[in-house]
Amino acid sequence: MSKPVIAIVGRPNVGKSTIFNRIVGERVAIVEDRPGVTRDRIYSHGEWLNREFNVIDTGGIEIGDEPLLVQMRAQAELAIKEADVIIFIVNGREGVTAADQEVAKLLFRSKKPVVLGVNKIDHPDMQEELYEFYSLGIGDPIPISGAHGLGLGDLLDACVEHFPEDEGDDYAEDTIRISLIGRPNVGKSSLVNAMLGEERVIVSNIPGTTRDAIDTAFSRDDQEYVLIDTAGMRKRGKVYESTEKYSVLRSLKAIERSDVVLVVLNGEEGIIEQDKKIAGYA
Ligand code: GDP
Ligand code: MG
């Protein structure tokens with residue numbers, strides 16, 4: 001079973017990256033490499049109350065030169081699609097802004113669990129700043145200070161409460177789970193088709209339990225296998241989807257469900273930077 005995903009959303013400068021760093025600590029984080037841009041740590045994992053989870057700082061995912069509100073909307077949509085729990089960070093020193101209300105509306109409509117963190121509450125005597133955030137209509141605001149590491153336990157307690165139950169998957173215990181990981185268009189799906197040549201019995205072709213991958217179960221020499229193909233899962237039509245940032249999280253989820261990871265490269269193009277990253281997750 002892949003780990004639950006927490007996504008952090010909020011306006012620029014509210015403290016998302018500070019809180020992300022507090023949550024994941026010294027763990028290795030996946031950064032976005034873009035020339036001339038700060039290397040934001042975007043994906044990593046953490047643990048709280050013995051529950052492991054993945055965490056995304058959506059603020060580090062930028063989509064071209066889109067205006068702020070479009071960026072924020074896209075980041076919120078990404079969080080809604082990919083996360084089990086969303087941490088919405090606002091700035092306790094600035095009060096509720098129009099952009100906060102806009103994001104709150106999107107999150108509210110999504111019906112995803114949202115935990116509201118009011119950041120920059122550095123002193124206990126600032127508690128009264130909290131009350132106006134009730135007007136966002138997404139539950140109790142939790143006072144935190146990313147800078148001072150205050151309130152983060154309460155924030156994570158609230159997240160863990162909303163984690164889905166450990167479901168496992170539908171396959172027999174001794175099924176060998178193999179995922180195919182690689183850049184788009186390196187030929188993952190063709191390889192799956194080739195591997196499932198005629199002599200193999202395809203048992204079923206079930207959409208992945210995590211809706212991120214196509215699972216194909218088959219048996220060979222009395223051994224059950226399932227191929228987890230992360231190809232062809234890029235969704236269409238949304239701004240952020242053109243960026244392929246998605247494939248990172250999908251790869252992570254597939255890897256967590258696998259016994260064996262098959263990293264597929266394009267022999268014609270050789271190894272490029274993105275391949276190294278992908279192989280690094282595996
Ligand atoms: P992001 O744009 O949402 O990722 O925000 P950052 O994490 O980069 O933080 C923006 C600024 O707010 C930085 O200067 C941080 O040092 C500062 N900051 C973050 N958390 C706190 C906090 O709890 N209290 C105060 N006073 N400043 C903070
Ligand atoms: Mg940031």
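Rules used in this analysis
Residues numbered from 1 in each chain as written. Chains lettered and ligands numbered in written order. Predicted model: local features only at pLDDT ≥ 70, side-chain atom pairs only at ≥ 80, totals over all residues. Heavy atoms only, no water. Phe/Tyr/Trp six-rings, centres within 6.5 Å; stacked < 30°, edge-to-face > 60°. Buried < 20%, exposed > 50% of the residue type's maximum accessible area, 1.4 Å probe, protein only. Patch = residues over 30% accessible without salt bridge, like charges linked within 9 Å, V, L, I, M, F, W, Y side chains within 5 Å. Areas by Shrake-Rupley, 256 points an atom, 1.4 Å probe, with all protein chains shown as cover. Salt bridge = Lys/Arg side-chain N within 4 Å of Asp/Glu carboxyl O. Lys, Arg positive; Asp, Glu negative; His and termini not counted. Charge placed at Lys NZ, Arg CZ, Asp CG, Glu CD. Helix = DSSP H or I, 4+ residues; strand = E, 2+ residues; numbered from the N terminus. Polar contact = N/O pair within 3.5 Å; in protein donor to acceptor, adjacent residues only side chain to side chain.

**Q** Honestly, the packing of aromatic side chains in this entry has me stumped. Any pointers?
**A** Each aromatic ring pair is described using two quantities: the centre-to-centre distance and the angle formed by the ring planes. This model, assessed by the stated rule, comprises three aromatic pairs. Their ring planes at 10° and their centres at 6.4 Å tell us that Y131 and Y134 sit as a pair that is stacked. The class of Y134 is partly exposed, set by a relative accessible area of 41%. Ring geometry for F218 against Y225: centres 5.1 Å apart, planes inclined by 15°, an arrangement best described as stacked. Of the residues examined, F218 reaches a relative accessible area of 5% and is grouped as buried.

**Q** Sorry if this is basic, but what is going on with a negative patch on the surface here?
**A** On the surface, E173, D174, D221, D222 and E224 cluster together into a patch of negative charge. The topology assignment puts D222 in the loop between strand 10 (214-220) and strand 11 (223-229).

**Q** Explain the side chain of S179 to me, please; I cannot follow it from the model alone.
**A** The residue S179 is located in strand 8 (residues 176-181) in this model. Of the residues examined, S179 reaches a relative accessible area of 0% and is grouped as buried. In this structure the side chain of S179 is engaged in a polar contact, spanning 2.7 Å, whose partner is the side chain of S258.

Just distances and angles here, no functional claims.
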